[in-house]
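# Notes for the structure review
Here is how the chains run, residue by residue.
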Amino acid sequence: ISRELTLEGIFSPENDSLPGSFFSLTPFLPVHLTGTKYSCGSGGCGACTVMVSRYDPKTKKIHHYPVTACLVPICSLHGAAVTTVEGVGSIKTRIHPVQERLAKCHGTQCGFCSPGMVMSIYTLLRNHPEPTPEQITEALGGNLCRCTGYRPIVESGKTFCAESTVCQMKGSGKCCMDQEEKSFTSRQEKVNEFQPFDPTQEPIFPPELIRMAEDPNKRRLTFRGKRTTWITPVNLNDLLELKTSFPEAPIIMGNTAVGPSIKFRDEFHPVFISPLGLQELYFVDSTDDGVTIGAGYSLAQLNDALHFIVSEQPKEKTKTYHALLKHLRTLAGAQIRNMAVCSLVSYEIRLCQSSFRDGFGTMRIVLTAAQSFSLIEGKRQIPLDGRFLEKSPEANLKSEETVLSVYIPHSTQWHFVSGLRIAQRQENAFAIVNAGMSVKFEDGTDTIKELQMFYGSVGPTVVSASKTCQQLIGRKWNDQMLSDACRLVLDEIYIPPDAEGGMVEYRRTLIISLLFKFYLKVRRGLNKMDPHKFPDIPEKFVSALEDFPIETPQGIQMFQCVDPHQPPQDPVGHPVMHQSAIKHTTGEAVFVDDMPPISQELFLAVVTSTRAHAKIILIDTSAALALPGVVDVITAEDVPGDNSYQGEIFYAQNEVICVGQIVCTVAADTYAHAKEAAKKVRIVYEDLEPRIITIEQALEHNSFLSAEKKIEQGDVEQAFKYVDQIIEGKVHVEGQEHFYMETQTILAIPQEEDKEMVCTYVTLGTYLFQEYVAAALNIPRNRIACHTKRAGGAFGGKVSKPALLGAVSAVAAKKTGRPIRFILERGDDMLITAGRHPLLGKYKIGFMNNGVIKAADIEYYINGGCSPDESELVMEFMVLRSENAYYIPNFRCRGRPCKTNLPSNTAFRGFGFPQGIVVGEAYITAVASQCDLTPEQVKEINMYKRTSRTAHKQTFNPEPLRRCWKECLEKSSFSARKLAAEEFNKKNYWKKRGLAAVPMKFTVGMPTAFYNQAAALVHIYLDGSVLVSHSGCELGQGLHTKMIQVASRELNIPESYIHLSETNTTTVSNATFTAGSMGADINGKAVQNACQILKARLEPVIRKNPRGTWEVWISEAYKESISLSTTGYFKGYQTNMDWKKGEGNAFPYFVYGASCSEVEVDCLTGAHKLLRTDIFMDAAFSINPAVDIGQIEGAFVQGMGFYTIEELKYSPEGVLYSRGPDDYKIPTVTEIPEEFNVTLVHSQNPIAIYSSKGLGEAGMFLGSSVLFAIYDAMAAARRERGLTKTFTLSSPATPELIRMTCVDQFTDMVSILAWRIPWTETSKLQSIGSQRVRHD
Ligand SMILES: Cc1cc2nc3c(=O)[nH]c(=O)nc-3n(C[C@H](O)[C@H](O)[C@H](O)COP(=O)(O)OP(=O)(O)OC[C@H]3O[C@@H](n4cnc5c(N)ncnc54)[C@H](O)[C@@H]3O)c2cc1C
Ligand code: FES
Ligand code: FES
């Protein structure tokens, strides 16, 4: 069963006691198979990917395809074989080449996404043993990774391609490092050290399933649960009979539409009909006129069928199929495309039944009809035309009918078809607007005979612009027609100001921009057919025709060589694989939720506030308590100690101060029971004033979380008097969700004796957790044992929030006296734990006409949310780092965190730097524009040049900064590429290229000295094995791996002797948080200290027997009663900061870097493509270049997402709308730079261990080079259109912002609508102040 999970016998009606339990394979996976991860539950992240294999008795072939286990109904798997990551390979048996290569290519950091990645690549290999690089990228499109930045994952996949472009020695520790500075890719001539891949060795498909599939006496299959019944018909007649008997029962195919409705919208159906696998629904019939596709075909199968048809038919007949194929490539991810049946059918039908936003549906124009069948009325054709959309009764599908097939006609000579689509990211995202358009001309002319235009996401269902089309019949295809068409279609398709999804002005602009694209495509097509009769489009418009291609990313990583005299055993400086990498890829790495059930354990579900600021009048728990399995409801009344600790409230008491605040929790025997009961808790509120949501509102109400923080040098006011020019501006930088793949998870186990509590959880800091739990329970900290082994990503989001949630669960454990398992669902996690602080930055800059900045006055306001959390500290960091790489003699920066009624924002990688520095780069860009210089010239002019003092009077030497900057510009050929981009821009009106380079001076460590301390405990056992513990937490950043390298060097023993199990409060007490990029610095020193103490103790023994072995020395030391255990300690960097004076040596050292990015922007849609990024990072001497490059790449991609596509959406009432991967888009494999080069620059840093530097966060800000490159491209577009040079800069540069900034005739046609609308997110409200999307 651990290899292939056949489902006969596993299903039990008892499992169906609650709605939704049929609707996922995940809960049915045997408890010991924990490799398949659960992260979003909505099919959107790919962490739960498994391979399903089915035998097709018609073709006698086995079909392997990837699915997301969280959406696969258990009953739909009858007769299928399911392979989970455990079935692919394991450490206990044999690891599979996919697992090995992902690990060795450093494609795993926290490892939570890794089993899903393995399954996606593995399934691809089962179908294509030698895939192309494009197939690898396509297979990974549905898998999210928040740590790595994808490049190494793609590279691991590419090793299976026929012509691998990846160094085969990667991860072997033998390549690249023993040479002079070389890239990984230059080492291909080395012997292949990966295990060979032999596809013939894969497990066979279970023969009993073949027998089952071929059984001629198959019968209808019924699974009966307590509340629902699942019926699989045996043939078409049976299906029709069932549909007659249960007309309201949904037909379940891929379950990618019904499943989420049941899970997240509480839809309930007593009966489901599942004809999956019914032979009559699986066919392709090709005739001279068109092709009929069976309704059972998945989108992936449709894709294959269309590719075949395209290869067979003449080009003119296949225009429709090409349009469909283009659409199919970007719709959802590979898993969903393999599950969902040709949405051409199911999606259309669903549109008629309910409302939904996106649409493959707009492609209906290519289908003339769907064929449906009902027992009563027999077979009929349903034309998929305007009447179908208008739901006229005769054109709509009746509830008792079943769709059998859809028909797609061939295109003809004078016929043009296009599918157009724009989404927040290129792949795996619902469209913001999509369109399907088709025109037929009178033969040999450009006179319109038939015209159809359908739009998706502009209303509750797909909308046909039928009146517009009607009025254009008989018109010539020319500019006048286009102009009339735009006017008509804008009149016809009305998007009300309060439309769901907002972005009204943008969506209206897209309606005509997409029409324009179609217009150009058709004109080009006509010209190709008769160049004499039909003039071509202007050469400058040609690039508007094509969407950005999806390319397979590639890159070069350059790093140091170790000293050739370094002993071979010493791993320091080598690109050692992550300590847990293989366990990650085999799924054997244990995360908290993988821990086996504990006797008597209860599950916790939260009830959160639905009001931003309100008095609690009543909490009625009676209905919840009456439900089966419910043990208790826990409220503020049950907290034995402090319910409010350091300003953080565990359970809301008397009033609520944000939407998402925990009011109570429900403890029950299963999570499903707890969740169901949580819905039944009734809370009565009375709204309170004021309700403060935005920074502007907080400023109006003078609502702050702490006092102002300020640094100042020179005389700012005086300097403004003597400058040539002064500019003032505002910059908005929106917030960011951590989106760690493993949500917050806690296991709290009360002990029998002495009020002890054992907690296992994911965190960045054990002492804070212990402190909060102790406060809530009112017991000493020595009774609370906290364990953390690994976190599935954290990025700052697991510093304070686990402590708060720990207190909440410990109170529940205390009250019930039973172990509590508390796992936040993705939606709750996003709602409750908040993320990066949004920023409003104001600046006043005085400068000379030659670009020299003389004076800067900066103000920062961040949205801290409803409680202190880390907001004050974030503001301190932001102010201290505000000058970045520039010397401005008269500089003042002030900042305050605002108190609002939003969930409390918290630490996030970069700790304020990524937001704050955008303000600096924004004014540099504005100064450049005023002085007719490039931003890079102004940066160069104002950059620190020699040993200097920062604005807070800390001395530093900027030499590595200047080196990174210089190398970045030179080695990326910045100037030449900038010229080339300008040339490109001259030749292309609708696509623009932009380049930007940003320098960085980042800080490591904390201004408060005691936060920089660390401790370690090292035991040597009598067999010579060593156990290391320290105060840092492993979050995927490779901290434990580096600590093993340190211990290995110090003790002079191989890494294999050293083990590092977990971080806990019983071995190392009072551990500060693993943050500030200093985890390896400070813990490394503590481990080094412990090892050196032990080494010194062993010295006499070694001297006595210099030829002895490690094992012998240990044995002898023991016999001489030498202690083989010790603690190690690092007092910490002696930093200080005096905020009264605004001075201090706030940081132990600085990290420098620079990055350069090039983008191409589609001015008509707002989409952008990241063509290339070069990063130069001052790593001093990297302890582990693979780990450090992984951190840089991962942080860069996270930063890039922050500055471009990640957008949190709040209502004006403070309700967070974006609560999952559907609504919040982090980068996928298609967003990363097509060419991604990283160089680690050498320097000296004697203060840190082995002269290394902490690089965990620094890469984040370098992602802003993408933001500024986009601005460069937008500026080029605006210049060409004769618009003013400067325009407001804000982040993120979403497709909406890009499109609306590239002002043209289409944006002008769209009237500016009121922005204060119910669906308007906070960001937009804030933007009103800064005129974020207004044009000059
Ligand atoms: C992560 C994710 C990403 C997605 N991305 C996109 C996207 O980018 N664009 C997009 O358009 N959609 C997207 N979707 C939606 C989804 O792919 C489509 O809704 C898909 O068409 C549903 O197909 P299904 O087979 O899973 O439908 P199911 O959920 O199985 O059924 C859907 C409905 O169709 C009816 N039905 C199905 N077959 C028949 C039949 N033969 N006769 C009568 N009724 C029938 C069912 O009764 C049911 O009401 C996404 C979904 C997920 C989970
Ligand atoms: S957990 Fe299944 S796709 Fe995210
Ligand atoms: S390694 Fe991919 S999410 Fe952490």
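Residues numbered from 1 in each chain as written. Chains lettered and ligands numbered in written order. Predicted model: local features only at pLDDT ≥ 70, side-chain atom pairs only at ≥ 80, totals over all residues. Heavy atoms only, no water.

We now examine the nonpolar core. One broad rule of soluble globular proteins: the nonpolar side chains tend to lie buried together. Of all hydrophobic cores here, the largest spans 309 residues; its most connected members are Y455, W477, Y651, I845, I858 and Y923. Of all hydrophobic cores here, the second largest spans 57 residues; its members include V52, I252, I262 and A340. (Core = buried A, V, L, I, M, F, W, Y, C linked by side-chain atoms within 4.5 Å. Buried < 20%, exposed > 50% of the residue type's maximum accessible area, 1.4 Å probe, protein only.)

Turning next to the environment of V1161. Residue placement: V1161 occurs in strand 43 (residues 1149-1162). For the pair formed by V1161 and C1302, sequence separation is 141 residues and the distance between their alpha carbons is 9.7 Å. When near neighbours in sequence (up to four residues on either side) are disregarded, V1161 contacts F548, W990, K991, K992, A1167, H1168, I1270, A1273 and I1298. (Helix = DSSP H or I, 4+ residues; strand = E, 2+ residues; numbered from the N terminus. Contact = heavy atoms within 4.5 Å.)

This part is about the UniProt feature "binding site: [2Fe-2S] cluster 1" (unreviewed entry) in the protein. Residues given the UniProt feature "binding site: [2Fe-2S] cluster 1" (unreviewed entry) here are C40, C45, C48 and C70. In sequence the annotated residues extend across 31 residues, while in space they remain close, none of their C-alpha pairs exceeding 10.2 Å. By secondary structure assignment, the location of C40 is in the loop between strand 1 (4-6) and strand 2 (49-56). Once residues within four sequence positions are removed from consideration, C40 is found in contact with C45, F264, R826 and P1221. (UniProt positions renumbered as here; feature names shortened; annotations may be inferred.)

What follows concerns the packing of aromatic side chains. One pass over the structure, following the stated rule, counts 37 aromatic pairs. Here Y645 and Y772 contribute two aromatic rings whose centre-to-centre distance is 5.2 Å and whose plane-to-plane angle is 80°, an arrangement assigned as edge-to-face. Placement of the pair is Y645 in strand 21 (residues 644-645) and Y772 in helix 22 (residues 766-777), with a sequence separation of 127 residues. For the pair F877 and F1147, a centre-to-centre distance of 5.6 Å together with 65° between the ring planes defines the contact as edge-to-face. One end of the pair, F877, is in helix 25 (residues 871-880); the other, F1147, is in the loop between strand 42 (1125-1130) and strand 43, and 270 residues separate them in sequence. Of the aromatic side chains, those joined through ring pairs into one cluster are F416, F441, W477, F516, F518, Y519, F541, Y989, W990 and F1306. (Phe/Tyr/Trp six-rings, centres within 6.5 Å; stacked < 30°, edge-to-face > 60°.)

By secondary structure assignment, the location of V731 is in strand 27 (residues 725-733). Given the relative accessible area of 1%, V731 is considered buried. Each C-alpha atom, one on V731 and one on Y843, is 8.4 Å from the other, the two residues being 112 residues apart in sequence. Those residues in contact with V731 that sit more than four places away from it in its chain are L839, L840, G841, Y843, V918, V919, A922, L1289 and S1290.

This paragraph deals with the sheet that holds strand 43. With mixed pairing, five strands are arranged side by side in an open sheet as 17-45-44-43-37. Both outer strands of the open sheet, strand 17 (557-558) and strand 37 (991-1004), are each paired with one neighbouring strand and no more. Alignment of strand 17 against strand 45 (residues 1235-1241), held across two bridges, turns out to be parallel. Following the sheet pairing, M558 is matched in strand 45 by T1239. Most of the contacts of helix 29 (residues 974-987) go to strand 37, to which it runs at about 150°, and overall it touches strand 37, strand 43 and strand 44 (1168-1178). Together, strand 17, strand 43, strand 44 and strand 45 form the strand contacts of helix 33 (residues 1185-1204), whose direction differs from that of strand 45 by roughly 130°. (Pairing = 2+ DSSP bridges. Axes fitted to C-alpha atoms, helices over the stretch in contact; angles between N-to-C directions.)

This paragraph deals with the UniProt feature "active site" (unreviewed entry) in the protein. Look at the UniProt record and you will see "active site" (unreviewed entry) annotated at E1257. Residues within four places of E1257 in sequence aside, it is in contact with R909, G910, F911, F1002, G1076, S1077 and A1195. A polar contact of 2.9 Å, which involves the side chain of E1257, links it to the backbone nitrogen of G910. (Polar contact = N/O pair within 3.5 Å; in protein donor to acceptor, adjacent residues only side chain to side chain.)

Taken together, the eight strands give an open sheet; going across it, the order is 20-24-18-31-28-29-30-41, and neighbouring strands pair in mixed fashion. This sheet does not close on itself; its edge strands, each paired only once, are strand 20 (630-634) and strand 41 (1063-1064). As defined by bridge partners, strand 30 (residues 784-788) adjoins strand 41 across two bridges and the pair is classed as antiparallel. Considered in strand 41, the bridge of T788 is made with T1063. Helix 19 (residues 671-680) rests against strand 18 (602-608), strand 20, strand 24 (662-668) and strand 31 (820-823) of the sheet, and its axis sits at about 25° to strand 18. Running at roughly 35° to strand 28 (residues 745-750), helix 23 (residues 801-816) makes contact with strand 18, strand 20, strand 24, strand 28, strand 29 (757-761) and strand 31 of the sheet.

This structure, assessed with the given rule, holds 61 salt bridges. In this structure, D266 engages K679 in a salt bridge whose closest nitrogen and oxygen atoms are separated by 3.0 Å. Placement of D266 in the loop between helix 8 (258-265) and strand 7 (271-273) and of K679 in helix 19 is noted, with a sequence separation of 413 residues between them. Linking E427 and R329 is a salt bridge whose minimum nitrogen-to-oxygen distance equals 2.9 Å. Placement of the pair is E427 in the loop between strand 13 (415-423) and strand 14 (431-441) and R329 in helix 10 (residues 319-330), with a sequence separation of 98 residues. When salt bridges that share partners are traced, they join K710, E712, E717, D857, R892 and R894 into one network. (Salt bridge = Lys/Arg side-chain N within 4 Å of Asp/Glu carboxyl O.)

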